[in-house]
Amino acid sequence: MCIGPLAPKVPKPPPMPAPPPAPEPPPTRDDPEVNAAATAERRRRLAMKGRRSTILSGPMGDETEANIGRTLLGG
């Protein structure tokens, strides 16, 4: 340890930076943008539900067994 007139001088640390600004509060249910997004989502879900109810088969088509035991032409 060097104590005395030949000791190195310790520089002062730089000043602390200013703290960042506080984050904005999250939107509430009373916010018009939130209400518009909820309405759009509700309409989108209703549109999907309406279309899905009209599809009677799956992606592979009708996979039920065909009724071919009787024919209409005299059989």
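The coordinates are above.
Residues numbered from 1 in each chain as written. Predicted model: local features only at pLDDT ≥ 70, side-chain atom pairs only at ≥ 80, totals over all residues. Heavy atoms only, no water.

Re the overall build of the protein chain
Quick note on the threshold: Here a helix means four or more residues in a row that DSSP labels H or I, a strand means two or more in a row labelled E, and each is numbered from the N terminus. Burial here depends on accessible area, computed with a 1.4 Å probe over protein chains only, as a share of the maximum for the residue type. Under 20% is buried, over 50% is exposed, and the range in between is partly exposed. Areas reported here follow the Shrake-Rupley algorithm with a probe of radius 1.4 Å; residue values treat only the protein chains shown as occluding.
If you tally the helices and strands in the protein chain, you get one helix and zero strands. Expressed as a percentage of the 75 residues in the protein chain, the buried residues total 0%. For the protein chain, the accessible surface area stands at approximately 8400 Å², while carbon and sulfur atoms represent 63% of it.

Things to note about the pattern of salt bridges
As a reminder, the rule being used: The working definition used for a salt bridge is a side-chain nitrogen of Lys or Arg within 4 Å of a carboxyl oxygen of Asp or Glu.
A complete count under the given rule lists two salt bridges for this structure. Notably, a salt bridge pairs Arg44 with Glu41, separated by 2.7 Å at the nearest N-O pair. With Arg44 and Glu41 both in helix H1 (residues 32-52) and three residues apart, the pair spans about one turn of that helix. Accessibility expressed as a relative area gives 29% for Glu41, which makes it partly exposed. Residue Glu41 pairs with Arg45 through a salt bridge whose shortest N-O separation is 3.0 Å. Taken together, the residues Glu41 and Arg45, both in helix H1 and four residues apart, mark about one turn of the helix. When salt bridges with common partners are traced through the structure, they connect Glu41, Arg44 and Arg45 into a single cluster.

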